[in-house]
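One letter stands for each residue in the lines below.
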Amino acid sequence: MTQTDPTRRRRAATPITSVPAIALTDLTKSFHPSKGSTVQAVAGLNLQVEPGEVVAFLGPNGAGKTTTIDMILGLTSPDSGSATVFGMPPRAAARAGRIAAVMQTGGLLDDFTVTETVSTIAAMHGRTADIPEVMARADIADLGDRKVSRCSGGEQQRLKFALALLPDPDLIVLDEPTAGMDVESRRTFWAAMRADAQNGRTVLFATHYLEEADSFADRIVMMAHGGVVADGSTADIRARASRRIVSAVLDDDALPGLHRVFPELQVTERRGGRIYLSLADSDTLARHLLTSTRARDVEIASHNLEDAFVALTTDH
Ligand SMILES: Nc1ncnc2c1ncn2[C@@H]1O[C@H](COP(=O)(O)OP(=O)(O)OP(=O)(O)O)[C@@H](O)[C@H]1O
């Protein structure tokens, strides 16, 4: 295969090192919206992202995603703890062109055309030769003559993505880049992003959409209340989130015996005389309840993915 892509060549030549792309250690950040009130936005967060990973930050409103991203980008400083990007303080990494961001709003001039916008930023980075390739990667090649003010929300986000690609960063951070887009625009945006990430760029994006995280990330970091509540490959999180729940009418004194047989067993709920139990192997649990205990009315139910997301992010 001919490799005409300078990005790919440069990254392939980068020696393999053990320096993480992002390392966050005991990170905290509070705000004081009014006199005497304090909001702890990030509360002792630890996270390491390896080069080449595509990671989704998933969490409800106010979970602390944007505040964490701002600290990764060096836009705000932590109250305590540390954030490094490729072993450097975030601002140094940004100055070295190793990190770029696509933020939710702002950053574009309405009166410029798409090509003028890309050309201006490309000139700043000395990358004018890369304009056609970057526009193709962001899927805006057909929009060159269009004024920014005439572009849809999705097209403007793809334009911002193109601008973020221009310095050829090793890490791209996207804060809810598809907020407010329709399904088709979101799909086009992520297809462009995913194709680019296949060249080995590290990507961290924040989203509210579980399906988006599931489709486009290798790893999901779920945040709630300023901390990480679940972290794993998308397959792990899906398995965890879609774990089946076994419920039965069961005497409380049967529980110690069940815990001895299944040390991993979790009692998730007690409702209407039933006890709801969670275990990775729901079939084995159900069989045991039916054959070795006095449990009655045994039922197995699938945990809906959205419910599981809510449970994971509100239980903490
Ligand atoms: N500049 C600020 N001043 C006061 N409070 C703030 C500020 N920025 C964030 N917060 C608060 O910190 C908490 C975390 O906010 P943050 O924006 O990081 O969450 P988020 O997960 O990105 O939420 P969303 O999904 O709504 O964007 C929230 O309670 C928010 O109100």
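Placed above this text is the structure.
Attention in this report is confined to the structure presented alongside it. (Residues numbered from 1 in each chain as written. Predicted model: local features only at pLDDT ≥ 70, side-chain atom pairs only at ≥ 80, totals over all residues. Heavy atoms only, no water.)

It is worth spelling out the environment of Val 55 at this point. Looking at the element boundaries, Val 55 is found in strand S3 (residues 54–58). Once the C-alpha coordinates of Val 55 and Thr 234 are considered, the two residues, 179 residues apart in sequence, prove to be 9.3 Å apart. The residues contacting Val 55, other than those within four sequence positions of it, are Val 49, Val 203, Leu 204, Phe 205, Ala 217, Arg 219 and Val 221. (Helix = DSSP H or I, 4+ residues; strand = E, 2+ residues; numbered from the N terminus. Contact = heavy atoms within 4.5 Å.)

If you trace the six strands from one edge of the open sheet to the other, you get S5-S6-S7-S3-S8-S9, paired in mixed fashion. Each end of this open sheet is capped by a strand with a single partner; those strands are strand S5 (99–102) and strand S9 (227–233). Each adjacent strand pair in this sheet contributes to an overall mean axis angle of 15 degrees, direction not counted. Note that S5 and strand S6 (residues 171–175) share four bridges and pair parallel. For Val 102, the partnering residue across the bridge sits in S6 and is Leu 174. Contacting S5 and S6, helix H6 (residues 153–165) runs over the sheet at an angle of about 175 degrees to S5. (Pairing = 2+ DSSP bridges. Axes fitted to C-alpha atoms, helices over the stretch in contact; angles between N-to-C directions.)

Once that is clear, we can look at the packing of H6 against helix H7 (residues 183–197). Here H6 crosses H7 at 15 degrees, and the two axes come no closer than 9 Å. By the angle class used here, H6 and H7 are roughly parallel. Relative to H7, H6 is oriented so that their crossing is right-handed. Judged by residue contacts, Gly 154, Gln 157, Arg 158, Phe 161 and Leu 165 of H6 engage Ser 185, Thr 188, Phe 189, Ala 192, Met 193 and Asp 196 from H7. For the contact of H6 with H7, the residue count by class is five nonpolar, four polar and two charged. (Parallel < 35°, antiparallel > 145°, perpendicular 65-115°, else oblique. Left-handed = near helix turned anticlockwise from the far one by under 90°. Nonpolar A, V, L, I, M, F, W, Y, C, P; charged D, E, K, R; others polar.)

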